[in-house]
Amino acid sequence: MNDTLPSRRRALRLAGAGAVCLLGAGLGMARAQAAHSHHGGGYERLNQPGLVPRPPLADQQAVFDSPAPKARNPGRWIVRAALPLPRSERAWATVLRGRMHLVGGYGEQRVDRAYHHVYDPEADRWIIASPLPLGANHVGVATMGGRLYAIGGFVEQNRKPHAECFAYTEEGDRWQRIAPLPAPCGSVACVAMDGVLHGIGGAVGDTFATKKSIDWHVAYDPRADRWERRAPRPTGRDHVAARPHGGRIHVIGGRGDSFLTNSNLHHVYDPKKDAWEMRNPLPTARSGHGAAIVEGRIPVMGGEGSNRVFGQNEAYDIARDSWEQSAPMPTPRHGLGAVAIGRSSYGAGGGAVMGGSIQTSIHEAFTLE
């Protein structure tokens, strides 16, 4: 992806700052960047280069109200170091050795970027790591066995999926190709559990007219480098939140074919039974939201709907099978990268308005402390 280097340099000039940081001994070429300002963020259009002010439409579409009861401790949000450049539609983020990894997505007037940004929470700093071998948006990601996996994705704007899969090793800062998906798919929810990588749901179709959500469930065994079929999800959905806890996989919300038909369904997969069960539904139906696991709870943040961008931060108590509302996101976004590191949940980048026309580099963290 040498064609991205001029655009990266342009982003640095816009930011007016840059720094160098090593991500272990193997990342001699890694660079950390400050974006726009150390604390804050910027906006950029998909059809026009250069930073722009926060669009008025973002405030018009922002939604904060939740029907869930209020938490006794609502928590608070803290501004963290902005992304090196505005980007969105990665689909998910994941944690490898205490750092957040974001791969692929929209940015700098393209929807097939191979970006690979790494956030170090201790230094509050971003690092550029080796790019994806194939740029795409809505790439499924998870970590397992000390490696980062990137699964499928779309090569056009939220459509035309591919089946290619890759594994990233921090030592040497390199990617390698692994067995492809059984069929092309984007927005696949990926969760690692007990040495197996689960790919759940997603969307297929080369055009907006043919695009549809699917209910498939495949599992990757890294020892055999092979995908196998598992019990399909009860409904076809994509743009979901999926996180593991207690030997089960929680799949929350999402959409059936488009954000006009967002879902509040909450299913749990038991790999020992190869079966799905229902749980208490998400209070606010949405898609393109982020989620994390923090101390037996799943905070679900952001997302989009028809003419809506959600700021709700609704947390699911796994033991009680109940929901409550915590402090909403200061900046509602969808298509953001969200993870938990320690006792904090991080939400980086995303779309500020419905759809993919506006990207942002804003990065905020939620904590109960």
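Residues numbered from 1 in each chain as written. Predicted model: local features only at pLDDT ≥ 70, side-chain atom pairs only at ≥ 80, totals over all residues. Heavy atoms only, no water.

Here the focus is the overall build of the protein. When helices and strands are counted, the protein shows 2 helices and 32 strands. For the protein, the share of sequence-separated contacts (at least 6 apart) that also reach a separation of at least 24 residues comes to 57%. Here the protein displays about 13800 Å² of accessible surface, and carbon together with sulfur accounts for 51% of that area. (Helix = DSSP H or I, 4+ residues; strand = E, 2+ residues; numbered from the N terminus. Contact = heavy atoms within 4.5 Å. Areas by Shrake-Rupley, 256 points an atom, 1.4 Å probe, with all protein chains shown as cover.)

A word on the pairing of strand β22 (residues 266-270). With 5 of its 5 residues buried, β22 lies for the most part within the structure. Neither face of β22 is exposed, since His266, Val268 and Asp270 on one face and His267 and Tyr269 on the opposite face are all buried. Where strand β19 (residues 248-252) lies against β22, 4 bridges are found, and the strand directions are antiparallel. For isoleucine 249, the partnering residue across the bridge sits in β22 and is tyrosine 269. (Buried < 20%, exposed > 50% of the residue type's maximum accessible area, 1.4 Å probe, protein only. Pairing = 2+ DSSP bridges.)

Residue-level pLDDT values for the protein average 90, and 89% of them are 70 or greater. Note that residues 1-38 has pLDDT below 50 and, in this model, 79 contacts with residues that lie over four places away or in other chains. (pLDDT = per-residue confidence, 0-100.)

In this section: the pairing of strand β13 (residues 174-178). Relative to β13, strand β12 (residues 159-169) runs antiparallel, the two sharing 5 bridges. Paired with tyrosine 168 across the strands is tryptophan 175, a residue of β13. Where β12 hands over to β13, the hairpin turn is made up of 4 residues, of which glycine 172 adopts a positive phi near 90°.

What follows deals with the layout of surface pockets. Empty space within the largest pocket amounts to approximately 350 Å³. Broken down by secondary-structure element, the contributors of at least two residues to the lining of the largest pocket are β6 (94-96), β10 (140-144), β14 (189-193), β18 (241-245) and β30 (337-341). No other element matches the 4 residues that β14 contributes to the lining of the largest pocket. Along the lines of polarity and charge, the residues of the lining of the largest pocket split into 17 nonpolar, 2 polar and 1 charged. (1 Å grid on protein atoms, 1.4 Å probe; cavity = no way out; pocket = protein on both sides within 12 Å on 5 of 7 lines; lining within 4 Å. Points joined across faces, edges and corners; volume = space filled by probe spheres on them. Nonpolar A, V, L, I, M, F, W, Y, C, P; charged D, E, K, R; others polar.)

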